[in-house]
Number of protein chains: 2
Amino acid sequence: MAPSSERLRQLLGVRHPLIQAPMAGVQGHELAVAASRAGALGSLPSATFSPQALQTELQALVAAMGRAGEASLPWALNFFCHAPPGPQAADQEARWCEAVAPWSREAGLAPPVPGGAARAPFSDALADLIEPIRPPVLSFHFGLPAPHLVARVKRWGARVLSSATTVEEARWLEAHGADAVIAQGWEAGGHRGHFLRPDRDTAGQTGLFALLPQVVQAVRVPVIAAGGIVDAATVQAALALGAAGVQAGTVFLCCTEARTSAVHRAALAGTVEAWARTPRSPRPSPADRRAPWSTAGCASRCLCGTGCHPSRWPPVRWPACARRAKPQGKATSRPCGPVRTPAPAAPCRLRRSWPSWRAGLARIANGSSGWPTARRQ
Amino acid sequence: MAPSSERLRQLLGVRHPLIQAPMAGVQGHELAVAASRAGALGSLPSATFSPQALQTELQALVAAMGRAGEASLPWALNFFCHAPPGPQAADQEARWCEAVAPWSREAGLAPPVPGGAARAPFSDALADLIEPIRPPVLSFHFGLPAPHLVARVKRWGARVLSSATTVEEARWLEAHGADAVIAQGWEAGGHRGHFLRPDRDTAGQTGLFALLPQVVQAVRVPVIAAGGIVDAATVQAALALGAAGVQAGTVFLCCTEARTSAVHRAALAGTVEAWARTPRSPRPSPADRRAPWSTAGCASRCLCGTGCHPSRWPPVRWPACARRAKPQGKATSRPCGPVRTPAPAAPCRLRRSWPSWRAGLARIANGSSGWPTARRQ
């Protein structure tokens, strides 16, 4: 194993330098526990649960894996730490809903309306809530919480991670206490975790292939690659570009341990070709209708005109696919990255699946080498 | 060497599976000859030369390297094959100029005006012009020319390449006669070569990390990775993702054999952090002013609102950097990818430079293996 991977492995207490990305709305403790039991770092997305639901999830995590310092398995909680939307948020949301209304009309669904659930940023109150259970790792999105909160979680032994979408953000995270930095490429299916620049334009985000090596050169802490990680080959490529480890989300969406909805799983089975098409296209083509629309990716990509922060996406749903699968239902969000996922209907237990992935990780763990062979000739 | 790399090597007649990307406006035959002599495939961007200038370039190429079938060294010509702009082009250009005017004002330069030089697509007349010199390889951008033209260039022995920005485009190119497909990631500094979808939105383009493996799975012809390729590590990563070879452009911009302007070279020496910021940002920050703006990348990224095809970018210049380097001068375009380049002032001869790059290629050529070590620990 490369020294940086070994360092990350020890930092997180994991067998493999692999993080199961926290994915709000599609998972609870089950996936995190399965990921940690499989040798990765399981994560719970904690920004969207109600306080009560979060308590239930936390109890389940602690029961399965233990607290920081005495944990039998490593695990992570993920929180947002954005600045809550200001008075202009309502106007932004209205612009946003207006921008995507044509797609709802096209699909014969009610137009979107402002008023989505706001995510609360990490706070003293949340720190009070989780301190008794001492999560071994805390990962943040949209920067880091206030310095006294970073210091507080570190005092109970937690490791601190956060995402960078630019070199500048990676340097900032390192300087403000991140123990490792997640380089979030343009390909990532989740919220775009940018935080330093005031603009909401996504054109400033670079693909992982160019971002990752520059982040690796810019910081001393281990760098984790996120975006497009799906198998042994992509892990190999990320390590070739200097990553100490990887974070993957979309590829776990179809696990039985995930709470991904049936319509979402069905959408993931479609072609991913049109994944990143945005509401700006005048009319989605029939091919687009088969594709799993990514609210995360799409939302990131069309925020520029609305100023709406990704932490506060209005309840806008991409209706095309949902209409096919669930003609009468409410359309749902279906975040994903532009990658292929396992079959949506088949049971897909993390410990037993993706032999190529695990083989790749095992190769890394064993320190064995081998020039990657082309996948097809 | 992986079988697919060996196949590409034989297809192109190169020593290394590396293509020097054709870069209009910053190179002539000198860079192509140097690249081919160094074991790569040198390319001449042929869409922007006047017929007379093109003749001069072609004579120099043939004199140095020979014709298809009898060439001592392989080389390529690159042409556009877009549909020429229709009557709506003037309106699109006006919208485009309006969109970027604030940046000119900010830099104290005259606002952009419509009327940029149109690029002619590949045609019978151009085929007549080049047939006598039989270029061994023809690479196209924005799809492929009409079937009779593809058949014609193949009759004289030319290999045909073109770029795909989606899986769908890659399949189309293979079905229409491409001998190899260039998977152009979001990171690529050059013109975004999309051609199948009518919309000009760039959000549909995926980073190389996710695009490349899916293209490799979708087609049988060799796949060449483009976007972010700068050294041995990035070559290794591309091959891990299934590429048979790589195409690189930005990293050659500072070669003495390139015709890159002094202001462009100076811009490349700045931070590349802000590379992909677009005119949509309300105000470029001081940091942005140090960055080499990419007309190619930026233009691609803000076309969505104008409908203007990238083959017909108006003469819009990103003035910030030019203003610093050349206060009185006309601002110039400075295409580049989001990667670091060698020092702009130092002589940089292709055959003698980038030891890590060549070492990486040599490792591939020798078939030796080795798990990539992290760049820093």
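Residue numbers restart at each chain and count upward from 1, following the sequence in its written direction. All chains are assigned letters beginning with A, and all ligands numbers beginning with 1, in the order in which they are written. Totals for whole chains, interfaces and linings use all residues, but because this is a predicted model, local features are given only for residues with pLDDT of at least 70 and pairs of side-chain atoms are given and counted only at 80 or more.

## Here we look at the nonpolar core
Soluble globular proteins: nonpolar side chains tend toward being buried together. By our criterion, buried Ala, Val, Leu, Ile, Met, Phe, Trp, Tyr and Cys residues that link up through C-beta atoms within 7 Å make up a nonpolar core. Around each residue's C-beta, the other C-beta atoms within 10 Å are counted; 20 or more make the residue buried, 12 or fewer make it exposed, and counts in between make it partly exposed. All C-beta atoms are placed from the backbone. Ranked by size, the top nonpolar core spans 182 residues in total, and within it Ala183(A) and Ala183(B) carry the most contacts. C-beta atoms are placed from the backbone for every residue, and two residues are taken to be in contact when these atoms lie within 7 Å. The contact partners of Ala183(B), leaving out residues within four places of it in the chain, are Ala164(B), Ala170(B), Leu208(B), Leu211(B), Leu212(B), Val215(B), Val223(B), Ile224(B), Ala225(B) and Ala226(B).

## Notes on the packing of helix 7 (residues 167-175) of chain A against helix 8 (residues 208-218) of chain A
Residue and element names in this part refer to chain A. Where helix 7 meets helix 8, the axes come as close as 9 Å, and the angle between the chain directions of the two elements is 35°. Read as a crossing pair, helix 7 and helix 8 show a hand that is right-handed. Between helix 7 and helix 8, the contacting residues are Val167, Ala170 and Arg171 on the first element and Gln214, Val215 and Ala218 on the second. Amino acids outside the nonpolar list (Ala, Val, Leu, Ile, Met, Phe, Trp, Tyr, Cys, Pro) and the charged list (Asp, Glu, Lys, Arg) are all regarded as polar, and Gly is one of them. Here the residues of the contact of helix 7 with helix 8 sort into four nonpolar, one polar and one charged. For helices, the fitted axis covers only the stretch in contact; all axes are lines through C-alpha atoms, and the angles between them, taken along N-to-C directions, range from 0 to 180 degrees. Helix and strand definitions here come from DSSP, where helices need a minimum of 4 consecutive H or I residues and strands a minimum of 2 consecutive E residues; each element is numbered from the N-terminal end. Left-handed describes a crossing in which the near helix is turned anticlockwise from the far one by less than a right angle; the clockwise case is right-handed.

## Observations concerning the environment of Val223(A)
All names here are of chain A. Topologically, Val223 is positioned in strand 7 (residues 223-226). When the C-alpha atoms of Val223 and Leu239 are compared, they prove to be 9.8 Å apart, with 16 residues separating the residues in sequence. Once residues lying within four places of it in the same chain are set aside, the contact partners of Val223 are Val181, Ala183, Leu212, Val215, Val216, Gly242, Ala243 and Ala244.

## A look at the sheet that holds strand 5 (residues 159-164) of chain A
Residue and element names in this part refer to chain A. Taking strand neighbours across the sheet as the criterion, the eight strands line up as 1-8-7-6-5-4-3-2 in an open arrangement whose pairing is parallel. The strands lining the two open edges of the sheet, one partner per strand, are strand 1 (18-20) and strand 2 (42-45). Ignoring which end each strand starts from, the neighbouring axes of this sheet average 25° apart. Between any two strands, at least two bridges found by DSSP are needed for them to pair. When strand 3 (residues 75-80) meets strand 4 (residues 137-141), the two strands line up parallel, connected through five bridges. Within strand 4, the residue paired with Asn78 across the bridge is Ser139.

## Focus: the pairing of strand 3 of chain A
Residues and elements named next belong to chain A. Burial of strand 3 is extensive: six of the six residues sit out of reach of the surface. Residues Trp75, Leu77 and Phe79 point to one face of strand 3 and Ala76, Asn78 and Phe80 to the other, with burial holding for every one of them. In this fold, the crossover linking strand 2 to strand 3 by way of helix 3 (residues 51-65) has right-handed handedness. Call a crossover right-handed when, viewed with both strands pointing away from you, the route from the first strand across the helix to the second goes clockwise.

## Details of helix 2 (residues 29-37) of chain B
Residue and element names in this part refer to chain B. Within helix 2, seven of the nine residues are buried, which leaves the element mostly enclosed by the surrounding structure. Within helix 2, the full set of buried residues consists of His29, Leu31, Ala32, Val33, Ala34, Ala35 and Ser36. Residues of helix 2 that are buried make contact with strand 1 (18-20), strand 2 (42-45), helix 3 (51-65) and strand 3 (75-80). Gly39 lies just past helix 2 and shows a positive phi near 105°.

## Focus: the sheet that holds strand 4 (residues 137-141) of chain B
All names here are of chain B. Taken together, eight strands build an open sheet; the order of strands is 1-8-7-6-5-4-3-2 and the sheet is parallel. Every other strand in the sheet has two partners, leaving strand 1 and strand 2 as the edge strands with one partner each. The average angle at which neighbouring strand axes cross in this sheet is 25°, direction not considered. Pairing analysis gives four bridges linking strand 6 (residues 180-184) to strand 7 (residues 223-226), with the strands arranged parallel. Bridging from a neighbouring strand, Ile182 pairs with Ile224 of strand 7.

## A word on the confidence of the model for chain A
Residue and element names in this part refer to chain A. Confidence scores labelled pLDDT are given residue by residue by the predictor and lie between 0 and 100. Averaged over all residues, the pLDDT of chain A is 73; the fraction at 70 or higher stands at 59%. Across residues 271-332, confidence stays below pLDDT 50; counting only partners more than four residues off in sequence or on other chains, it has 173 contacts. Low pLDDT, under 50, characterises residues 367-377; the predicted model gives this stretch 30 contacts beyond four residues in sequence or across chains. Overall fold confidence for the complex sits at a pTM of 0.82, while the interface term, ipTM, reaches 0.80.

## Comments concerning helix 9 (residues 232-240) of chain B
All names here are of chain B. Most of helix 9 sits out of view: nine of its nine residues are buried. By the burial criterion, the buried members of helix 9 are Ala232, Ala233, Thr234, Val235, Gln236, Ala237, Ala238, Leu239 and Ala240. Positive backbone phi, approximately 105°, marks Gly242, located one or two places after helix 9.

## Quick look at the environment of Val33(A)
For Val33(A), the position within the fold is in helix 2 (residues 29-37). Counting along the chain gives 27 residues from Val33(A) to Ala60(A), while the straight-line C-alpha distance between them is 9.0 Å.

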